[in-house]
Structures are given as structure tokens and as C-alpha cells.
Amino acid sequence: MPSSNQKLNVVVGISGGIAAFKAVGVVRELVLLGHNVQVVATESALKFVGAPTLEALSRNPVYHDLFEGVAEVRHVAIGQSADVIVIAPATANMIARLSVGLADDLVSTTVLASKAPLVIAPAMHTEMWQHASTQHNIRVLEERGVTIVGPATGQLTGDDSGPGRMAEPTEIALATVEAHSRKINRHDLAGRHVLITAGGTREPIDPVRFIGNRSTGKQGVALASAAARRGAMVTLIGANLEVSPPAGVEFVAVGTANELQAAVDLRASKSDLIIMAAAIADYRPQEVSDSKIKKDVHGEQFQLNLVRNPDILATLANSARPGQVIVGFAAETDTDEVKLLETAKLKLERKGCDFLVVNKVGWTEGFASESNAITVLAKGGDIVLTTSGTKLSVADSILDLLI
Ligand code: CTP
């Protein structure tokens, strides 16, 4: 995991939610990592956690009042001196205010007066997190380059549980340090050719029907977007994407597995890194009917003959040139973690790629979601990364690892 050895000025902003008590852990972790921590809190945050606790742990005064320290222009000075800012917890209200650039308390003025990378750890009830307004605001912040850590899924304040729980302090502290080092190295893919496949193939049965899958292409598009932002020359091969390809990448639209293979074959040899995030149909109908298949011709039963599609990832891994990195994805439905990893290890061996990004999918998880939880296995089967968050933050973590 990349980290900076440099002592950083970290501003920890705390907004008013019950998870504010866990901010104490974030402050502690950052101090233990050797950084100088300055806490700024909203009025309501200090109703959940006491300033003396934060002062003792951060070894600095805690500021919360816009009208204190006016002579030293504190509302601007703290932001200007920050190397990185982390807001934990970030309530729905704080996220909304940050997304439109409001500056009506010390936390928001500090953010607005700073050029430092910003990390936020959302924490709220599931309904608030999933609300279209919050999701919109999160996307705005993400597009601006803000790192979003979590939220995790688990027990919330009341009896309810679900997505909305603040990520663990250690994860937030590490993401904060990483956000700083990423800013320094943000052109770490300059000069590299990156080829990414995304979406789900559709194998036609007749002019109106196909065999498809539920992949939307969001994770692959996030990877393309992150790689382009980090300076790579990116080609995105998209099969039936439900999201727009990002700006600044070469985009090739395909429909079927065979079309995807042809597009990959054309570009594979010049690519330094190939990420196969697309969900590719293993079979296609042996014959495609020229006209709509009619049930009055077939009666009660209808059989479709399917033939195997080529395994594009395995072929790429077999013919990779030295130095070329090939990454596969595996969406698995095993509910048991141990079984899931066993399945993934076997797949990694079978495919022969350098890394396999594994995520759990099911009727209600994985597809179409804005967030993802992944485990990455390296050749040989070792777990080299486990992370969760928005698809863009997961994309950056994968690229950090590959770099
Ligand atoms: N893949 C591929 N060509 C295929 C099928 C899959 O290149 N015909 C790639 C996918 O892009 C992904 C990886 O292989 O990176 C794993 O895809 P998955 O569908 O999970 O694997 P399968 O080979 O289909 O294995 P299984 O059917 O046993 O789950």
C-alpha cells in the first residue's frame, strides 16, 4: 500500500453525526502514523464527542468557531497549511454543502480555502445514503477528485443495519495518507497504454432477442476514468454500456464476445496493461435466426443450441509479452467467503492472468450499484488487496496496486 514517509499536516474535520465518536480513532491512527493532526469540528460534532478527548489525542487545540481566531484569519489559515484534509464522519448535510461549495462553518471554510486533497468518510442511515440527492452529491465530489472511503455495510445507530456505517478508523487514516501520495504521483500512468474492457456482451438469438447479463460497465468505466486521470493512454472497449464512456479515452463500442475479441486482438500487443472487466458470454447461439422466432412454429418447448465463445482472457494471458500485465475479473455467487476465494483461485490458475479481481454478486448485489467490494488475488493465489467504496475509489486502489 503506497504511503508517504513524510510528516504531513492532516486536518481532520468532524461533522455532526453519531459516528463522530469514531473520529477519535481516526485522529489516534494518524498521530500514531507520525502526522501532525489539526481537528476542526462543527458545533453539532462537539455534541457527540468532547473537545478535550480530541485535544489530548491530537496534541493540538480543537477549533470549531468561525469567529474565534479572526485576527489570524483562522478559517483560511488551517486550509492553506493542510497537506491533506479528511472529514470523518461526513454527514449527508456536510456532503451536500461541500458539493455546492457552501462555507458557513469552520469545516467547510477550511475545505474551500485549501488546495489539499480531500477525503471523506460518509456515515448516515441507509435511506439517506441511497437518496438520489446524496448519490448525486457524492458523484459531484468524486468527479472533483475527492476520495470517498466507505460507507461500510453493517449495524447502524438503531436496530437497523445496511450501507451507511462509517468505515473503520484504520482504513480512513490509510486512505488519507494515500490520497496525499496519490496527489504527488498522480501522473503515475503517464506514457502507459492501458486497454480496458467493460460492460456485458449480448449474443443475438434473432433480430429482437439476445443472451445477455446484468453487467452495466460501471466498474470498467471507473477504471478507464481513473487511468486516464493518472496520465495513461486509455482504450475502453465497451459492450452495451449503461453509462457514458469517460472523456479523454479512445472508446470502441462492441456487442458480442466475438466483436470484443476482435477489438482486443487489434490493440493487445501495444498495451502495457490489459484489464478485462467485461462480463463476456461463454456461449452464443449456434444459429442466429434472420427473422423473429415465433412460438406458434415451436409450440410448448423450444431448444436453443449454444456453442462456446473463445476465452479471451486466457488467450491474452498465454500470449502476454514480458512486462505486460493482464488482469481478469471474476464475479462469483458463492455466499461463503472461503468457498468464494477457492473458486477464484481455481479461476486464476485456469486463466493464467497476473491478477484476478474478485467480487461477490447476487440477485441484489454487485450489478448497477455505485459501490463495490473487491478482493484481488495475485498469480499464485495470494490476497494482495481487499477494499470497498465507490467504484471510482475501488478503481484507484486497483491501479495503485498494479503500479
Ligand atoms: N472472460 C473472457 N472470455 C470469456 C469469458 C470470460 O475473457 N469467454 C474473462 C472476463 O472478462 C473476466 C474473466 O474472464 O475477466 C472471468 O470471467 P468469468 O465469466 O467469471 O469466467 P468464466 O471463464 O466464464 O468462468 P465460469 O463460467 O466458470 O465462471
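What you see as residue numbers is a count from 1 along each chain, following the sequence as written. Under the rules for a predicted model, residues below a pLDDT of 70 receive no local features and side-chain atom pairs below 80 are neither given nor counted, while totals for whole chains, interfaces and linings still include all residues. Calculation of side-chain values draws on the structure's entire complement of heavy atoms; hydrogens and water are dropped beforehand.

1. Here we look at the site of the ligand
- Near the ligand there are 15 residues, and of these Met 276, Asp 282, Leu 313, Lys 347 and Lys 351 occur at the shortest range.
- In protein, a polar contact requires one atom able to donate a hydrogen and another able to accept it; more generally it is a pair of N or O atoms within 3.5 Å, and residues adjacent in sequence count only if both atoms are side-chain atoms. Between the ligand and the protein, one listed contact pairs an oxygen atom with a side-chain N or O atom of Arg 350 at 3.3 Å.
- We get accessible surface area from the Shrake-Rupley algorithm with a probe of 1.4 Å; when it comes to residues, only the shown protein chains can shield them. The protein chains hide 78% of the 570 Å² of surface that the ligand would expose on its own.
- Only runs of H or I of at least four residues qualify as helices and only runs of E of at least two qualify as strands under DSSP, and these elements are numbered from the N terminus. Taken together, the elements giving at least two residues each to the shell around the ligand come down to α13 (312–318), β16 (325–332) and α14 (337–351).
- Residues are grouped as follows: nonpolar covers Ala, Val, Leu, Ile, Met, Phe, Trp, Tyr, Cys and Pro; charged covers Asp, Glu, Lys and Arg; every other residue, Gly included, is treated as polar. The class makeup of the residues in the shell around the ligand is nine nonpolar, one polar and five charged. If even one non-hydrogen atom of a residue comes within 4 Å of a molecule or strand, that residue is called near it.

2. As for the sheet that holds strand β13 (residues 273–276)
- At least two bridges found by DSSP between two strands is the condition for calling them paired. Taken in spatial order, the eight strands make up an open sheet running β12-β11-β8-β13-β16-β17-β18-β19, and their pairing is mixed. At either end of the open sheet lies a strand with only one pairing partner, and these are β12 (250–254) and β19 (383–390). Averaged over all pairs of adjacent strands, the angle between strand axes in this sheet comes to 15 degrees, irrespective of strand direction.
- Both β13 and β16 contribute to a ladder of four bridges, which runs parallel. Bridging from a neighbouring strand, Ile 274 pairs with Ile 326 of β16.
- The contact definition used throughout considers only heavy atoms, calling two residues in contact when any of these lie within 4.5 Å. Axis definition: a line fit to C-alpha positions, over the contact stretch in the case of helices; interaxial angles, taken between N-to-C directions, run 0 to 180 degrees. Those strands touched by helix α11 (residues 257–268) are β8 (193–199), β11 (233–239), β12 and β13, and its axis lies near 150 degrees from that of β12.
- The strands that helix α15 (residues 391–402) touches are β13, β16, β17 (355–360), β18 (371–378) and β19; relative to β19, the one it contacts most, it runs at about 155 degrees.

3. Remarks on the nonpolar core
- In this structure, Val 12, Ile 14, Leu 30 and Ile 172 are the most contacted members of the largest nonpolar core, which totals 33 residues.
- Elements represented by at least two residues in this core include exactly β1 (9–14), α1 (20–32), β2 (36–41), β3 (84–90), β4 (118–122) and α9 (169–184).
- Aside from chain neighbours lying at most four places away, what touches Leu 30 is Val 10, Val 12, His 35, Val 37, Val 86, Ala 173, Thr 176 and Val 177.
- The set of buried Ala, Val, Leu, Ile, Met, Phe, Trp, Tyr and Cys residues whose side-chain atoms join them within 4.5 Å is what this entry labels a nonpolar core. Residue burial is assigned from relative accessible area. The probe radius is 1.4 Å, only protein chains are included, and a residue is buried under 20% of its type maximum, exposed over 50%, and partly exposed in between. Ranked by size, the runner-up nonpolar core spans 31 residues in total, among them Val 194, Ala 222, Phe 329 and Ile 374.

4. Remarks on the domain arrangement of the protein
- Note: domain ranges come from an automatic or database domain assignment. If you check the domain split of the protein, you get domain 1 (9–184) and domain 2 (193–285 + 301–402).
- Measuring from the centre of the C-alpha atoms in domain 1 to the corresponding centre in domain 2 gives 33 Å.
- In this complex, domain 1 contributes nine residues to the contact, which on the side of domain 2 involves nine residues.
- Accessible area that two parts lose when put together, evaluated with a 1.4 Å probe and summed over both, is termed the buried area. Between domain 1 and domain 2 lies a buried interface of about 740 Å² when both sides are counted; carbon and sulfur atoms form 47% of it.
- Three residues stand out in domain 1 for area buried against domain 2, namely Glu 142, Ile 148 and Arg 182, and they jointly supply 50% of the buried area on that side.
- Salt bridges are defined by distance alone: a side-chain nitrogen of Lys or Arg within 4 Å of a carboxyl oxygen of Asp or Glu. Joining domain 1 to domain 2, the criterion identifies zero salt bridges.
- Between domain 1 and domain 2 we count zero residue pairs in polar contact (both at pLDDT 80 or more) in total.
- Every element with two or more residues in the side of domain 1 that touches domain 2 is listed here: α8 (132–143) and α9.
- For the side of domain 1 that touches domain 2, the element with the highest residue contribution is α8, accounting for four residues.
- Partitioning the side of domain 1 that touches domain 2 into residue classes produces two nonpolar, two polar and five charged.

5. Digging into the pairing of β3
- Taken across its seven residues, β3 has seven buried, putting it largely inside the fold.
- Neither face of β3 is left uncovered, since the one carrying Val 84, Val 86, Ala 88 and Ala 90 and the one carrying Ile 85, Ile 87 and Pro 89 both have all their residues buried.
- Pairing analysis gives four bridges linking β3 to β4, with the strands arranged parallel. Residue Ala 90 lies in a different strand from β4, and its bridge partner there is Pro 122.

6. Structural notes on unusual backbone geometry
- Cis geometry is adopted by the peptide bond preceding Pro 89, which originates at Ala 88 and carries an omega value of 0 degrees.
- Counting through the fold element by element, Pro 89 comes out in strand β3.
- The omega angle of the peptide bond from Gly 150 to Pro 151 is 5 degrees, so this bond is cis rather than trans.
- Tracing the chain through its elements places Pro 151 in the loop between β5 (147–148) and β6 (152–155).
- Its identity is not glycine, yet Asn 240 carries a phi of approximately 50 degrees, on the positive side.
- Relative to the assigned elements, Asn 240 resides in the loop between β11 and β12.
- You can call Asn 240 partly exposed: its relative accessible area is 23%.

7. Observations regarding the side chain of Thr 256
- Inspection of the secondary structure assignment puts Thr 256 in the loop between β12 and α11.
- In this structure Thr 256 comes out as buried when scored by relative accessible area, which is 13%.

8. Comments concerning the sheet that holds β2
- Within the open sheet, the five strands sit side by side as β2-β1-β3-β4-β5. Their pairing is parallel. The sheet terminates laterally at β2 and β5, the two strands that pair on one side only.

9. A look at the pattern of salt bridges
- Considering all chains together, one arrives at 16 salt bridges under this definition.
- Each of Asp 188, Arg 229, Arg 230, Asp 396 and Asp 400 takes part in salt bridges that share partners, so that together they form one network.

10. What to know about helix α10 (residues 218–229)
- The end-to-end C-alpha separation of α10 is 16 Å, in line with the 16 Å expected for 12 residues at 1.5 Å each.
- By the criterion of burial, α10 is predominantly enclosed, with nine of the 12 residues buried.
- Those residues of α10 not exposed but buried are Lys 218, Gln 219, Gly 220, Val 221, Ala 222, Leu 223, Ala 224, Ala 226 and Ala 227.
- Summarising the contacts, the buried residues of α10 are in contact with β8, β11, β13, β16, β18 and α15.
- Positive backbone phi, at 100 degrees, marks Gly 231, one or two positions downstream of α10. By this rule, a helix spans an expected 1.5 Å times one less than how many residues it contains.

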